[in-house]
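# Results of the structural survey
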Amino acid sequence: MRAFEKIVSIPLKGRILNKPRSDGITMVIDTGLGLNAVKDLVQTAGEYIDIIKLAFGTSRLIPENIVKKKIKLYNEYEIDVMPGGTFLEVAFIQGKLIDYLTEAKKLGFTAIEVSDGTITISDKDRSKIIKEAHNQGFKVLAEVGKKMKEEDLTGEEIAEGIKRDLELGVFKVIIESREAGKGIGFYDESGGIIEQKLEVAIKGIDVKNILFEAPHKNQQVYFIKRFGPNVNLGNIQPNEVIPLEALRQGLRADTLKLVYK
Amino acid sequence: MRAFEKIVSIPLKGRILNKPRSDGITMVIDTGLGLNAVKDLVQTAGEYIDIIKLAFGTSRLIPENIVKKKIKLYNEYEIDVMPGGTFLEVAFIQGKLIDYLTEAKKLGFTAIEVSDGTITISDKDRSKIIKEAHNQGFKVLAEVGKKMKEEDLTGEEIAEGIKRDLELGVFKVIIESREAGKGIGFYDESGGIIEQKLEVAIKGIDVKNILFEAPHKNQQVYFIKRFGPNVNLGNIQPNEVIPLEALRQGLRADTLKLVYK
Amino acid sequence: MRAFEKIVSIPLKGRILNKPRSDGITMVIDTGLGLNAVKDLVQTAGEYIDIIKLAFGTSRLIPENIVKKKIKLYNEYEIDVMPGGTFLEVAFIQGKLIDYLTEAKKLGFTAIEVSDGTITISDKDRSKIIKEAHNQGFKVLAEVGKKMKEEDLTGEEIAEGIKRDLELGVFKVIIESREAGKGIGFYDESGGIIEQKLEVAIKGIDVKNILFEAPHKNQQVYFIKRFGPNVNLGNIQPNEVIPLEALRQGLRADTLKLVYK
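Since we're looking at a predicted model, the values are computed, not measured.

Residue and element names in this part refer to chain B. Pairing is parallel across the open sheet formed by eight strands, whose spatial order is S3-S2-S1-S8-S7-S6-S5-S4. Each edge of the open sheet carries a strand with a single partner, namely strand S3 (80-83) and strand S4 (111-114). Shown here is a sheet whose adjacent strand axes are inclined to one another by a mean of 25°, direction ignored. Relative to strand S2 (residues 51-54), strand S1 (residues 26-30) runs parallel, the two being bridged by four bridges. Bridge assignment links Ile29 to a residue of S2, and that residue is Lys53.

Following this line, the structure appears as structure tokens:
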């Protein structure tokens, strides 16, 4: 039971509170939390987290027994865990894709991010990778977008990428915005939303299939106001999970304002 | 005993070191810390914290037993704990004010923040709320200011609000600056101080009665230089308590410079 | 063993992986971590940290028994620990330098930072301090630069300072950039690198002898691209150690891009 649960009702109606959720996903970025911090996170905020991403290649840097224990703790709270897409790209280009998936399975990972943010991967190879990950029983999230500003995709290219990946049956398509959430994808240099590009990219697409990387509060507020409390959001910092959930439920000024004046 | 206590004396004299303090208050914003982090915080910095705010509606989101344990730990270190003002606003507008105060008492909260940052509350209702919280034995902090930029108060309005609340006998009047500390209250878009507005707002008021929300270091340095080491400061992030105390005691360049060249 | 160690090889070759390292130093700034956080840090990232700095005068503010336990934990992972330079400046100007070094030794510190970022110390006194710290068996890091913008050194002055300190046999010369890494030393107001000043400062100097304070990712990427994976970097936040190591090893887009397209 949550504190004050019997006294105060949730202001912004409609938030899906039970897991597993297929909408209203919160994906959290873990860049190297230790075990005490993971315990803190799941105990206070576990029910609001659907997916943990062990960001970029960080899994390769942390002692194996710590990675295993972390994943076990997350799994106990019904949280999927996936390595960062950049790490898959490294494994792929080193010709180790199958070994990578097998090892991920062994370590306890339940989801896989498939991206081409840094290296070039043909559509044919991308399709094979997604199929292989599905075959091995992973939940697959595909990411559309480039990491480097000079390779940034147009709205039209993002739209094509989304459609291509949805046809392959992925769980969600993530739109790349990096950990920083600035100057890439739908965000300008100060993290503001480039609405026109967003419109082009999502035209005709059901946003339930999309997971927006939205590390900044103004971005989270924008998407909740626009698509409701169950919009799928990612690259949330561990200490921002509860504040984000407060936004989703109208327990913070920015979205409470939608209900009361 | 603090490390080096017998060797190095405090450079900036006058800081009140014993609790309970009526001046020199540090109010810390907790947006969802877990138990390991709370233990860390009180063990390293407990003596420098007077009030913990479980920010906005976060209390409603965290398991009740965790909230209770957190409050107990804070109380053991003589730290008052209050829910965020936004949460009181939700309870009030849902007609649950008395239940809210009763439940807060039961959970161990010892202080209450009374605000109207998001919704509209008449002066008459505000006065009743403060009286009721006093009756139930809470330390009451009233907050003056609005959360939304378009509703931002003028210096004169802040001055009036401060006087109104002090007449009701509150412990301190908090000046709203949100968690972000930018573009609201006394701060411009980049977090700099709007000195002229500040002058108008505090003219003729004893600043000992005011608690400035000052999440950024430049703001903390400004207030310490201007009003001394015992100025009341709030919305301090947990990991900024020790750095702020270093500023208060002249153990960091910015304020050490006031003592030695 | 690290996770995926047998599957995926390190993309950016040459990173020194065994401690003690004389190059490739990562110096981390600890502004008041508690024991649970320290355990998390050493368990996940201990092998990538060479030096912990208990920043500015924070050591003076934390209970002695906590400081001792923290240092012990760090030392178990072969990590040197030093108090911040500002704290040495306070001890020196209070005429307590010898007592300060003796007490630091007793508490378990193994390194000392010698700076004059806030107060003025003559070259003669600086030389004496470094000699005394060496005599007491400390690893000595000297810092060149001023904390206040209006006293910021020129490139030429930094170059002279580096040469002066290297002649005294210090382990590394740190270039001052403060915790914020903006508007001082080699960084402009937004944290960008002032390349021309950097050129002047390091002309004719082996960069292995220098430790660059580089709290921001763009700064870390710049130095790794320019001087390789073993450039010495400092003022790294605890939660940025793993992300920095990912940059050093090419496990993140920004430096993976140097290896694969």
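Anyway, onward from the coordinates.
On the side of chain C, 32 residues touch chain A, which itself brings 39 residues to the contact. Roughly 3,200 Å² is buried in total at the junction of chain A and chain C, and carbon and sulfur atoms are behind 63% of that figure. In terms of surface lost to chain C, no three residues of chain A exceed Arg60, Leu61 and Gln94 of chain A, which account for 24% of the buried area on that side. Across the salt bridge formed by Glu179 of chain A and Arg252 of chain C, the nearest N and O atoms sit 2.7 Å from each other. At the boundary of chain A and chain C, one finds 16 residue pairs in polar contact (both at pLDDT 80 or more). Listing elements by their share of the side of chain A that touches chain C, those giving two or more residues are helix H1 (35-45), helix H2 (64-76), helix H3 (85-93) and helix H4 (97-107) of chain A. Partitioned by chemical class, the residues of the side of chain A that touches chain C number 19 nonpolar, eleven polar and nine charged.

Let's shift gears to the relation of the copies chain A and chain C. If you rotate chain A by 120° and push it 0.0 Å along the axis, it lands on chain C with an RMSD of 0.0 Å. Seen this way, the second copy is the image of the first under a three-fold rotation axis. If distances are taken from each C-alpha of chain A to the rotation axis, the shortest is found for Asn36 of chain A, at 3.7 Å. The two copies present different faces, since only 3% of the interface residues in chain A are matched by interface residues at the equivalent positions in chain C.

In the superposition of chain B on chain A (RMSD 0.0 Å, axial shift 0.0 Å), the rotation amounts to 120°. In this assembly the copies use different faces: only 3% of the residues contributing to the interface of chain B also contribute to that of chain A.

In this fold, Asp40 of chain C is placed in helix H1 (residues 35-45). Buried Asp40 of chain C, no salt bridge; nearest opposite-charge side chain is Lys39 of chain A, N-O distance 7.6 Å. Ignoring sequence-local partners within four residues, the contact set of Asp40 of chain C consists of Gly34, Leu35, Asn36 and Ala37 of chain A.

Cut-offs applied
- Residues numbered from 1 in each chain as written.
- Chains lettered and ligands numbered in written order.
- Predicted model: local features only at pLDDT ≥ 70, side-chain atom pairs only at ≥ 80, totals over all residues.
- Heavy atoms only, no water.
- Pairing = 2+ DSSP bridges.
- Helix = DSSP H or I, 4+ residues; strand = E, 2+ residues; numbered from the N terminus.
- Axes fitted to C-alpha atoms, helices over the stretch in contact; angles between N-to-C directions.
- Contact = heavy atoms within 4.5 Å.
- Buried area = accessible area lost by both parts, 1.4 Å probe.
- Salt bridge = Lys/Arg side-chain N within 4 Å of Asp/Glu carboxyl O.
- Polar contact = N/O pair within 3.5 Å; in protein donor to acceptor, adjacent residues only side chain to side chain.
- Nonpolar A, V, L, I, M, F, W, Y, C, P; charged D, E, K, R; others polar.
- Least-squares fit on C-alpha atoms with pLDDT ≥ 70 in both.
- Buried < 20%, exposed > 50% of the residue type's maximum accessible area, 1.4 Å probe, protein only.
- Lys, Arg positive; Asp, Glu negative; His and termini not counted.

Read these as spatial facts, not as claims about activity.
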